[in-house]
Amino acid sequence: MAAGNAPGFLKPFPHFATHAIHTGQKPEQWSSWAVVPPITLSTIFKQRAPGDEEEYKYTRFGNPNRHVLEKVVSALDGAEYCLAYSSGMAAILNICHLLKTGDTIICMDEVYEGTRELFDKVKEEFNLKVVYVDCRDPKELEKKIKEHPSTRLVWLESPTNPVLTVIDIQACAEVAHRHRGVLVAVDNSFMSPYFQRPLALGADICMSSATKYINGHSDVLLGLVSVNKKCLYERLNYLQRTLGAVPSPFDCFLCNRGLKTLHIRMKLHFHNGLAVAKFLESHPSVEKVIYPGLSSHPQYEVVKRQCTGVSGMVSFYINGNKGNAIAFLEKLEVFTLGFSLGGFESLAEHPYTMTHNNMPDDVKERLGITDTLIRLSVGLEDEKDLVDDLQQALKAAFA
């Protein structure tokens, strides 16, 4: 079984499970001494005296459930600080508010479509520049930063959505930090902190859509941002409070509960993802498989150098045409056709017409997002059932 100490990858981050279960969870902090942090739904907290403020006063400024979640995630990300937001997109928008008119964002060209749409919108409405670049080659990133001295943010995503390109985070961070005032942010949603820690690789900001693997149960919408620099944390904390894009106490409670099993789930996601990828790679109806855990992946050596393993995200090109791809998706029984990823259930989607539908056709073509590309989020079901489902759907797609 592919698991924590997978051959060739980094060793597992020490004390990960213990941090997930215990950091920020001490029962003594509650008057009831509850082992499970209670849900604090109150928006208002009593103060002892005028001008004598308590730790909590108004839930937009701070809430016990949010702070518990932020404490434990900071430990999992290997960070000094963490902030929780109402969604991953809310977290990205807050990061954008670190910038000012005339600043430049350099973003890798293959990125989540929601991120691209947001960057293009803020470019128009807030007079920012956005430049897209292929960050597989750090020299290209260096070139773009020199061409745009107003660069203040480099946005990376690794692995990328949906073609699973892997970026050498450390190399890109080293390039960016040669230029004063440039922050490096990494979307870590596809890996989770169990398999990858961008801050340890030189990034300034680690952003995760906790909706995905961290919560892992497809029932919470939440974003997380981890940083090490106090000055950066203070700026983001101010934006978190004033813009108000904070998660509910109940969502924080659920996410805190979900991440207690993150280390167990990710090992099985890796195991099942690798099994599915190997099956697809050997199937005659499949043109090409993209999985960072396969030696055939073009950045496999980078993956081994910066990750402790790989998640359950698998993409592949089916032989034939769009009709075959759609037929395959419609015949799946264990895999569910749907958006999102990272839950315990297996999902399948057609990026060309679903998650990346709004992307211009020329950009899709350049990035390899064709109408025969299929993205799988391999869940925690029995390996044989997953493989059998793919087998029957592939057969039906060409019947």
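To be clear, the structure that these remarks concern was listed above.
The structure contained in this document is the topic of the report that follows.

How each quantity is defined
- Residues numbered from 1 in each chain as written.
- Predicted model: local features only at pLDDT ≥ 70, side-chain atom pairs only at ≥ 80, totals over all residues.
- Heavy atoms only, no water.
- Helix = DSSP H or I, 4+ residues; strand = E, 2+ residues; numbered from the N terminus.
- Rg over C-alpha atoms; globule rule 2.2 N^0.38 Å.
- Buried < 20%, exposed > 50% of the residue type's maximum accessible area, 1.4 Å probe, protein only.
- Axes fitted to C-alpha atoms, helices over the stretch in contact; angles between N-to-C directions.
- Left-handed = near helix turned anticlockwise from the far one by under 90°.
- Contact = heavy atoms within 4.5 Å.
- Nonpolar A, V, L, I, M, F, W, Y, C, P; charged D, E, K, R; others polar.
- Polar contact = N/O pair within 3.5 Å; in protein donor to acceptor, adjacent residues only side chain to side chain.
- Phe/Tyr/Trp six-rings, centres within 6.5 Å; stacked < 30°, edge-to-face > 60°.

## What to know about the overall build of the protein
Point 1. When helices and strands are tallied, the protein shows 14 helices and 12 strands.
Point 2. By the compact-globule yardstick of 21 Å for 399 residues, the protein fits well, its C-alpha radius of gyration being 21 Å.
Point 3. Seen through its principal axes, the protein has C-alpha atoms that stretch 75 × 50 × 35 Å.
Point 4. Out of the 399 residues in the protein, the part that is buried amounts to 58%.

## With respect to the packing of helix 2 (residues 64-76) against helix 9 (residues 249-258)
Point 1. Interaxial distance between helix 2 and helix 9 falls to 8 Å at its minimum, and their mutual angle equals 35°. The element helix 2 and its partner helix 9 pack so that their crossing is left-handed. Across from Asn65, Arg66, Val68, Leu69 and Val72 in helix 2, the residues of helix 9 making contact are Pro249, Cys252, Phe253, Cys255 and Asn256.
Point 2. Considering only residue class, the contact of helix 2 with helix 9 consists of seven nonpolar, two polar and one charged.

## Quick look at unusual backbone geometry
Point 1. The step from Ser158 to Pro159 runs through a cis peptide bond, and the omega angle for that step is -5°.
Point 2. For Pro159, the location among the structural elements is in the loop between strand 4 (151-157) and helix 6 (169-176).
Point 3. Cis geometry marks the peptide bond from Asn161 to Pro162; its omega dihedral reads 10°.
Point 4. A positive phi angle, close to 60°, is found at Leu164, a residue other than glycine.
Point 5. Tracing the backbone through its elements, the reader meets Leu164 in the loop between strand 4 and helix 6.
Point 6. On the basis of relative accessibility, which here comes to 1%, the residue Leu164 falls in the buried class.

## Describing the environment of Gln299
Point 1. Mapped onto the elements, Gln299 comes out in the loop between strand 8 (286-290) and helix 11 (300-306).
Point 2. Linking Gln299 and Arg136, residues 163 residues apart in sequence, is a C-alpha distance of 8.8 Å.
Point 3. Setting aside its immediate chain neighbours within four residues, Gln299 contacts Arg136, Thr165 and Val166.
Point 4. Looking at Gln299, its side chain comes within polar contact range of the main-chain nitrogen of Val166, at 3.1 Å.

## So, the packing of aromatic side chains
Point 1. Under the counting rule described, the total for this entry stands at 11 aromatic pairs.
Point 2. Where Phe45 meets Tyr56, the ring centres are 5.6 Å apart and the plane angle is 40°; that geometry is what we call tilted. Here the residue Phe45 occupies a position in the loop between helix 1 (16-22) and helix 2, and Tyr56 occupies one in the loop between helix 1 and helix 2, the gap between them amounting to 11 residues. An identical accessibility class is assigned to Phe45 and Tyr56; each is buried.
Point 3. On the numbers, 5.8 Å between centres and 85° between planes, the contact of Phe119 with Trp155 is edge-to-face. Of this pair, Phe119 sits in helix 4 (residues 113-126) while Trp155 sits in strand 4, placing them 36 residues apart in sequence.

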